[in-house]
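Chain residues, written in single-letter form:
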Amino acid sequence: MRITSARVIVCCPGRNLVTLKIETDDGVHGLGDATLNGREIAVVSYLENHLLPALIGRDPAAIEDIWHYAYLGAYWRRGPVTMTAIAAIDVALWDIKAKVAGMPIYQMLGGASRHRIMAYGHAEGEDIAACLDSAQGFVDAGYDAIRLQCGLPGVGTTYGVPKDGQTRYEPADADLPAEHVWNTARYLNQVPKLFEQARRRFGDDVHLLHDVHHRLTPIEAARLGRDLEPYHLFWMEDSVPAENQAAFAMVRSHTTTPLAVGEVFNSIHDCREMIQSGSIDYIRTSLTHAGGITHMRRIAHLAELHHVRTGCHGATDISPVGLAATLHFDTWVPNFGIQEHMPHDDIVAAVFPSNHRFEAGYFRVDDTPGHGVDIDERLAADYPFKRASLPVNRLEDGTVWDW
Ligand code: CS2
Ligand code: MG
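Everything numeric in this text was worked out from a predicted model, so none of it was measured.

Definitions and limits used
Residues numbered from 1 in each chain as written. Chains lettered and ligands numbered in written order. Predicted model: local features only at pLDDT ≥ 70, side-chain atom pairs only at ≥ 80, totals over all residues. Heavy atoms only, no water. Donors = N, O, S within 2.8 Å, 3.2 Å for Na, K, Ca; no water. Helix = DSSP H or I, 4+ residues; strand = E, 2+ residues; numbered from the N terminus. Axes fitted to C-alpha atoms, helices over the stretch in contact; angles between N-to-C directions. Parallel < 35°, antiparallel > 145°, perpendicular 65-115°, else oblique. Left-handed = near helix turned anticlockwise from the far one by under 90°. Contact = heavy atoms within 4.5 Å. Buried < 20%, exposed > 50% of the residue type's maximum accessible area, 1.4 Å probe, protein only. Pairing = 2+ DSSP bridges. Domains from an automatic or database assignment. Buried area = accessible area lost by both parts, 1.4 Å probe. Salt bridge = Lys/Arg side-chain N within 4 Å of Asp/Glu carboxyl O. Nonpolar A, V, L, I, M, F, W, Y, C, P; charged D, E, K, R; others polar.

K.L.:
I'd love a proper account of the coordination of the magnesium ion (ligand 2), names of residues and values included.
P.N.:
The magnesium ion (ligand 2) binds to the protein through Asp211 (OD), Glu237 (OE) and Glu263 (OE), with metal-donor distances spanning 2.0 to 2.2 Å. Taken in sequence order, the residues that donate to the magnesium ion (ligand 2) follow the motif D-x25-E-x25-E. With Glu237 in strand 8 (residues 235–237) and Glu263 in the loop between strand 9 (259–261) and helix 9 (272–276), the pair connects residues that are 26 residues apart, well separated along the chain.

In structure tokens:
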């Protein structure tokens, strides 16, 4: 069996999505997700100019060899663009291998470790009351886990809260970066009130999560973790910017609030220290941005040795292809924690018909060979790429800050 073609399909059915399609001389094709929110065309260029030409004529079954050819062979290693490109190839090859074997990907990995996958939904609102009303909808829908994000008094736009007119939160909503304003003090005062009211309204059993989105210093994160302890969160995510892995040990030393990190990571080296030092509880790396199934498996095995569970990134900038591959990974991985779920618009489901099911807060994959997702290329062509940039965040004095 040989690879005969490898093409990138870029479309924008409500948001930009990048798909790699690898075709073979046996007529079997595989799809991978190459979406990197706000940097899509960089990944397209890396694939089309540096990786895909070298795939033609290769054996698609040689996944490990092709992975190392793309990673070690690049010389300039790692980074989100490189590792998203490699991930797209990896997932497409796993899709092909599983289709040829007549098995769903989770069976190729070693079979199911669970019969359903717990997901968490995104409750959000411009203030505490609106956020809790949004959360009520998830409770009524049967979710066992809900992320809470709310606006801050006196701060115009903040992460995770739809702006006027947005029915669903999509941060990459402007051609060039929108500029947001941030106030840490107001945030640190507001979030404990949000969770205190949430526990009062919803009780102790529902899992509650929160995403700090990289905006605190270690001591501020330590304070927030301690202030949230009475509300026993499932996790506090991305509490500090993660280049400094040692910062997580400092936060950990001050609080028992579980710590999650990793959606911006793209290799095991980004998280090895913090996993080995026991500084985190959940690793959030995604198959789409961290080298695909082949590399994500390595990260999960390291995490398993240190009581760290997975909590894969699953925002809408992970395409249905990336999500489906992740669900097969979640079905298999022994140290599964939770799966993020931000539903795509209906039109996205039309472009990417898929077989996995979602009901009352839980995913289930079926036994369709591969990852179970395809792409309607004709329909995709009706939605051409439209540049969209993630925001830039500033403090009130104009200092650029983490978004
Ligand atoms: C967020 C993401 O879902 C999350 O946890 O951190 O939505 C993130 O803001 C986007 O993926 C950025 O493109
Ligand atoms: Mg996040």
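K.L.:
Which residues make up the packing of helix 6 (residues 184–202) against helix 7 (residues 218–228), and what values go with them?
P.N.:
Running from N to C, helix 6 and helix 7 cross one another at 20°; their axes reach a closest spacing of 9 Å. As the angle between them shows, helix 6 and helix 7 are arranged roughly parallel. Crossing of helix 6 against helix 7: the hand is right-handed. Seen from helix 6, the contacting residues are Thr184, Tyr187, Leu188, Asn189, Val191, Pro192 and Phe195; seen from helix 7, they are Glu220, Arg223, Leu224, Asp227 and Leu228.

K.L.:
How would you sum up the pairing of strand 3 (residues 29–33)? Please name residues and give values.
P.N.:
Note on strand geometry: in a regular strand, side chains alternate between the two faces of the sheet. Of all five residues making up strand 3, five are buried, and the element is well covered by its neighbours. Bridge count for strand 2 (residues 17–24) against strand 3 is five bridges, and the pairing is antiparallel. Looking across to strand 3, one finds that Thr19 is bridged to Asp33.

K.L.:
If you had to explain the domain arrangement of the protein to someone new, which residues and values would you point to?
P.N.:
According to the domain assignment, the protein consists of domain 1 (3–104) and domain 2 (109–369). Of note, the centres of domain 1 and domain 2, computed from C-alpha atoms alone, are 26 Å apart. On the side of domain 2, 37 residues touch domain 1, which itself brings 32 residues to the contact. Summing both sides of the interface, domain 1 and domain 2 together bury roughly 2,600 Å²; the carbon and sulfur share of this comes to 62%. Sorting the residues of domain 1 by area buried against domain 2 places Asp33, Trp94 and Pro104 first, and these three jointly supply 22% of that buried surface. In this structure, the connection of domain 1 to domain 2 is made through three salt bridges. In this structure, the salt-bridge partner of Arg15 is Glu170, at a minimum N-O distance of 2.5 Å. Going through the elements one at a time, strand 2, strand 3, helix 2 (63–71) and helix 3 (80–101) are the ones with two or more residues in the side of domain 1 that touches domain 2. Partitioning the side of domain 1 that touches domain 2 into residue classes produces 17 nonpolar, nine polar and six charged.

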